[in-house]
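In case you want the letters, here they are:
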Amino acid sequence: METTATKAEIQRFVDEGYLPCRGLLDPRVAATMAEAVLSIATAEAGQPGSEQVPGKTIYIRALLDKDPVFHRLLRFEPALSMARTLLGPQVWVDLEARMNYAGQAGVAVPWHGHVPVIPDPLPPLFCYPHQVQFLIYLDRVTEREGALCLLPGSHTRPDIRIPFGDTAPKEGQVELLFEPGDAVLIHANMWHQTIPSRDDAGPRRLLLLGYVPSWVRSDGFQPGVRPQRPLSRDLAAGADEETRELLGGLTW
Ligand SMILES: O=C(O)CCC(=O)C(=O)O
Ligand SMILES: [Fe+2]
């Protein structure tokens, strides 16, 4: 793999579990995607499967199936080549969004990691399901909207178990604020939380652009509102092999 990320950046990510990527997305593209997130959120709120806490926050899954504006993120550089440098060449892309509604105080996500299935102690031949995600911020995130808070190095610490609901500060935590289009690459096992919003918060929208090794599949439960007509199926139908692989079509 070739990527524009430096060896030092890749190593820093491996060691610390996160890497800020300022200006990853053109702010004009970020604005277009922010609008698309809002309109899907408006359409999905209250529908069966909707992951919404009314007036506070909403998750949207399977974004590639819901608006073609997101298709440019399927082969999005330098994100894709960084992910392949880290995980190997065969990956699929999982794209989700989260939005906090404006003007609500106290909206936050408590400490969590995204792949909490790592045994401690680690079995000697455990097949470690590494995944990485670019959190791409579409709005400005200031103290009003609430920083993202990370625990560097926690992605390789299966002994760290933070009970669900815990929001207390942790020693060594790092807080990040963002401009539209800024991103941070995180390892899916990195512990993180968000700082609660204030009542003068603007909307806080982000994309979760995830890269998963092709051998790691979730064939069962799919959360969220079902797409009306999955756009990625149409995309895959006329696509080359690489695109189909990125859409999760690799079988063996
Ligand atoms: O809102 C953020 O900054 C991070 C959100 C997050 O961690 C998540 O949705 O899993
Ligand atoms: Fe998260």
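**Let's talk about the site of ligand 1**
Then comes step 1: Around ligand 1, the structure places Arg98, Val109, Leu135, Leu148, His192, Thr194 and Leu206.
Then comes step 2: When the residues that make up the shell around ligand 1 are grouped by side-chain class, the tally is four nonpolar, two polar and one charged.

**Thoughts on the nonpolar core**
Then comes step 1: If you look at the biggest cluster of nonpolar residues, it comprises 56 residues, and the most contacted ones within it are Val37, Leu135, Ile136, Ala183 and Leu185.
Then comes step 2: With seven residues, helix H2 (residues 27–44) is the largest single contributor of residues to this core.
Then comes step 3: Those residues within four positions of Ile136 in sequence are excluded, and the remaining contacts are Leu24, Leu25, Ala183, Leu206, Leu207 and Leu209.

**Looking at the sheet that holds strand E2 (residues 51–53)**
Then comes step 1: In spatial order, the strands read E1-E8-E5-E10-E4-E3-E2; together these seven strands make up an open sheet with antiparallel pairing. The sheet is open, and its two borders are formed by strand E1 (18–21) and E2, each paired with just one other strand. Taking each pair of neighbouring strands and ignoring which way they run, the sheet shows an average axis angle of 15°.
Then comes step 2: Across four bridges, the pairing between strand E3 (residues 57–60) and strand E4 (residues 91–100) is antiparallel. Bridged to Thr57 within E4 is Asn100.
Then comes step 3: Here helix H1 (residues 7–16) sits on the sheet and contacts E1 and strand E8 (183–187); the angle it forms with E1, its principal contact strand, is near 135°.

**Some remarks on the pairing of E8**
Then comes step 1: For E8, the buried fraction is high: five of the five residues fall into the buried class.
Then comes step 2: Of the two faces of E8, the one carrying Ala183, Leu185 and His187 and the one carrying Val184 and Ile186 are both buried.
Then comes step 3: Here strand E5 (residues 132–137) pairs with E8 via five bridges, running antiparallel. The partner of Phe134 across the bridge, within E8, is Leu185.

**Some points on the sheet that holds strand E9 (residues 192–194)**
Then comes step 1: Spatial strand order, E7-E6-E9: three strands in an open sheet with antiparallel pairing. The outermost strands of the open sheet, each flanked by one partner alone, are strand E7 (174–176) and E9. Strand-to-strand twist across the sheet, computed as the mean angle between neighbouring axes with direction ignored, equals 25°.
Then comes step 2: In the sheet, strand E6 (residues 148–150) pairs with E9 via three bridges, with the strands oriented antiparallel. Directly across from Cys149, in E9, lies its bridge partner Gln193.

Conventions adopted
- Residues numbered from 1 in each chain as written.
- Chains lettered and ligands numbered in written order.
- Predicted model: local features only at pLDDT ≥ 70, side-chain atom pairs only at ≥ 80, totals over all residues.
- Near = placed C-beta within 6 Å.
- Nonpolar A, V, L, I, M, F, W, Y, C, P; charged D, E, K, R; others polar.
- Core = buried A, V, L, I, M, F, W, Y, C linked by C-beta atoms within 7 Å.
- Buried ≥ 20, exposed ≤ 12 C-beta atoms within 10 Å, placed from the backbone.
- Helix = DSSP H or I, 4+ residues; strand = E, 2+ residues; numbered from the N terminus.
- Contact = placed C-beta atoms within 7 Å.
- Pairing = 2+ DSSP bridges.
- Axes fitted to C-alpha atoms, helices over the stretch in contact; angles between N-to-C directions.

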